[in-house]
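Analysis of the macromolecular model
Residues per chain are reported as follows:
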Amino acid sequence: MLFKSLLVSVLCAMGLQASAQDLVPLPTQPEGLAWPTESWPEGELPEETRDDLQLLVQEAMNRDQGQEMGKTRAIVIIHEGRLVFEAYAENFGPDTKQVSWSMAKSITSALAGRAVMLGLIEDIDTPMPSPFAADDPRSEITWRQWLTMTDGLDYLEIGSTGLMDNDVVQMMYGPGRFDVAQHIVDEFELAHDPGAVWNYSTAGFHLIARALQEVTGAEDEAGFARTMDEMLFEPIGMEAVPEFDAAGTFLGGSLVWASARDFAKFGYLYLRGGVWEGERLLPEGWVDFSRRDPASTKANVYGAGWWLGADPDPVPEGQAATTPPFDAFSAQGHEGQTIWVVPSKDLVIVRLGIMPNGGNNWPALYEWNQSIARLFPDAEPEVSSAL
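Anyway, here's the lowdown on the structure attached to this text.

Thresholds, definitions, all that
Residues numbered from 1 in each chain as written. Predicted model: local features only at pLDDT ≥ 70, side-chain atom pairs only at ≥ 80, totals over all residues. Heavy atoms only, no water. Helix = DSSP H or I, 4+ residues; strand = E, 2+ residues; numbered from the N terminus. Rg over C-alpha atoms; globule rule 2.2 N^0.38 Å. Buried < 20%, exposed > 50% of the residue type's maximum accessible area, 1.4 Å probe, protein only. Areas by Shrake-Rupley, 256 points an atom, 1.4 Å probe, with all protein chains shown as cover. 1 Å grid on protein atoms, 1.4 Å probe; cavity = no way out; pocket = protein on both sides within 12 Å on 5 of 7 lines; lining within 4 Å. Points joined across faces, edges and corners; volume = space filled by probe spheres on them. Nonpolar A, V, L, I, M, F, W, Y, C, P; charged D, E, K, R; others polar. Pairing = 2+ DSSP bridges. Polar contact = N/O pair within 3.5 Å; in protein donor to acceptor, adjacent residues only side chain to side chain. Contact = heavy atoms within 4.5 Å. Axes fitted to C-alpha atoms, helices over the stretch in contact; angles between N-to-C directions. Parallel < 35°, antiparallel > 145°, perpendicular 65-115°, else oblique. Left-handed = near helix turned anticlockwise from the far one by under 90°. Phe/Tyr/Trp six-rings, centres within 6.5 Å; stacked < 30°, edge-to-face > 60°.

What follows is about the overall build of the protein chain. Helix and strand counts for the protein chain stand at 11 helices and 11 strands. The globule rule puts the C-alpha radius of gyration for 387 residues at 21 Å, and the 20 Å found for the protein chain is close to it. If one aligns the C-alpha atoms of the protein chain with their principal axes, the spans along those axes are about 65 × 50 × 40 Å. Residues classed as buried in the protein chain amount to 58% of the 387 residues present. As displayed, the protein chain has an accessible area near 15800 Å², and 50% of this comes from carbon and sulfur atoms.

Listed below in structure tokens is the structure:
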């Protein structure tokens with residue numbers, strides 16, 4: 001089984017086009033530093049960073065929900081593998097579990113990577129198990145197309161004008177709320193050839209979650225929750241609580257609860273290239289696949305379950321930071337949840353809070369994360385994503 005897993009990992013890496021020539025390499029674990037499986041090693045802020053960081057944090061923590069960037073509930077900063085800063089709003093703390101919202105998509109993408117690593121998915125360019133009938137063209141959409149949000153469904157989430165035309169609202173809190181998978185089958189036909197158009201979709205990641213339940217053989221939601229623990233959460237020491245709909249489908253596009261420190265562990269897994277305590281949990285190249293623009297569409301802001309954190313000219317406009325460091329990539333969630341990963345700085349920044357999604361709130365939050373990242377020195381050059 002070990003040989004099969006390694007073989008599948010190598011083949012997957014080839015299929016993922018994982019050459020990192022155009023990517024900043026991922027830093028390795030500092031020699032002699034404990035992994036944060038049990039608890040985060042603590043460290044000191046760089047002296048040149050401290051004062052300016054305090055000002056940025058104070059400004060964020062003092063804002064109210066109605067102000068730009070909203071109310072910040074938790075900040076955790078990991079630099080070079082050590083917890084160097086954290087701050088919490090009143091009634092929140094290091095052990096408080098908070099909702100991921102769409103940061104769950106990044107977790108679901110990682111679970112797909114684990115399934116590849118374990119030989120449960122042999123090829124991400126084959127059709128993904130789905131609730132669509134065998135003669136339905138939607139049943140031919142591949143794992144890769146779902147993961148990169150190029151599935152082609154006639155679905156509207158970003159860019160909707162109100163609650164009634166927002167498909168995620170209708171799916172999660174309207175008529176689809178009891179069975180999201182069936183709602184997707186009933187409501188969203190193909191509008192584009194799969195692979196041709198990027199379109200942000202919580203629906204697609206709910207279906208990925210459903211497919212993972214199928215390929216892992218989980219019989220019910222309790223069984224799949226245990227499977228997620230065994231596959232991903234327990235190996236990195238992350239205590240996470242997933243949510244399911246009434247039909248038993250893991251809401252993998254939206255709902256995982258964890259503490260800010262534990263969300264930082266998940267980000268750290270990606271900063272370290274999918275390796276944890278010397279064991280490869282994600283296939284070689286999976287993180288690079290996640291943080292690279294598929295380049296088959298006009299959009300340049302999304303990889304595979306992760307946002308590409310910065311681009312001077314983002315398409316669609318407003319969906320990414322426009323200032324350096326340009327190697328940042330991030331998990332993002334409704335109302336201002338972010339896990340900001342910056343390989344060039346050996347840095348993970350977690351910010352949890354509550355803010356309106358409209359106006360300049362997201363651009364302001366992007367720039368806040370980037371402003372913090374720029375305060376840290378560049379990582380040492382001897383970096384690699386290999387074991």
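Between V315 and the following residue, P316, the backbone shows a cis peptide bond with an omega angle of 0°. Locating P316 in the fold gives a position in the loop between β8 (307-308) and β9 (329-333). Across the junction of P324 and P325, the peptide omega takes the value 5°, indicating a cis bond. Looking at where P325 falls in the secondary structure, it is placed in the loop between β8 and β9. Unlike most non-glycine residues, W101 shows phi in positive territory, near 45°. With respect to the helices and strands, the residue W101 is situated in the loop between β3 (98-99) and α3 (103-117). Despite not being glycine, A295 has its phi angle at roughly 65°, a positive value. With respect to the helices and strands, A295 occurs in the loop between α10 (286-290) and β8.

Attention now moves to empty space enclosed by the protein. Applying the stated criterion to the full structure yields 1 cavity of 30 Å³ or more. What the largest cavity holds in volume is close to 30 Å³. Its residues assigned to classes, the lining of the largest cavity comprises 5 nonpolar, 3 polar and 1 charged.

The next point concerns the pairing of strand β11 (residues 347-354). Put simply, side chains in a regular strand alternate between the two faces of the sheet. Burial analysis of β11 places 8 of its 8 residues in the buried class, which makes it a mostly covered element. Of the two faces of β11, the one holding L347, I349, R351 and G353 and the one holding V348, V350, L352 and I354 are both buried throughout. Note: strand β10 (residues 337-342) against β11, 5 bridges, orientation antiparallel. What sits directly across from I339, in β11, is V350. From the end of β10 to the start of β11, which pair antiparallel, there are 4 residues, and D346 there has a positive phi angle of about 50°.

Position of H206 among the secondary structure elements: in helix α7 (residues 202-216). Residue classification places H206 among the buried positions, given a relative accessible area of 1%. Reaching out from H206, the side chain makes a polar contact with the backbone nitrogen of G253 at a distance of 3.1 Å.

Okay, the sheet that holds strand β4 (residues 241-242) next. Read from one edge to the other, the open sheet built from 3 strands follows the order β3-β5-β4, with strand pairing classed as antiparallel. A single partner strand is all that each edge strand has here, and the edge strands are β3 and β4. Judged from the 2 bridges that link them, β3 and strand β5 (residues 256-258) form a sheet pairing that is antiparallel. Looking at the pairing, Q98 lines up with A258 of β5. Where helix α9 (residues 260-271) meets the sheet, its contacts fall on β3 and β5, and the angle it forms with β5 comes to roughly 110°.

Attention now goes to the packing of helix α2 (residues 47-61) against helix α11 (residues 361-374). Direction vectors running N to C along α2 and α11 enclose 160°, while the axes themselves pass 10 Å from each other. Between α2 and α11, the crossing angle belongs to the class labelled roughly antiparallel. For the crossing formed where α2 meets α11, the hand is left-handed. Counted together, L53, L56 and A60 of α2 and W368, S371 and I372 of α11 form the full contact between these two elements. For the contact of α2 with α11, a count of residues per class yields 5 nonpolar, 1 polar and no charged.

This brings us to the packing of aromatic side chains. Applying the stated criterion across every chain yields a total of 21 aromatic pairs. For the pair W35 and Y268, a centre-to-centre distance of 6.0 Å together with 70° between the ring planes defines the contact as edge-to-face. Of this pair, W35 sits in the loop between α1 (2-15) and α2 while Y268 sits in helix α9, placing them 233 residues apart in sequence. Residues W35 and Y268 agree in their burial class; the two are buried. Judged by centre distance (5.5 Å) and plane angle (25°), the rings of Y200 and W307 are stacked. Residue Y200 is found in the loop between α6 (180-187) and α7, and its partner W307 is found in strand β8; the two are separated by 107 residues along the sequence. Accessibility classification places Y200 together with W307 in one group, the buried group. Taken together, the ring pairs connect W35, W40, Y268 and W276 into an aromatic cluster.

Another aspect to go through is the environment of E335. Relative to the elements of secondary structure, E335 occurs in the loop between β9 and β10. According to the relative accessible area criterion, E335 is partly exposed, its value standing at 23%. Separated by 17 residues in the primary sequence, E335 and L352 place their C-alpha atoms 8.7 Å from one another.

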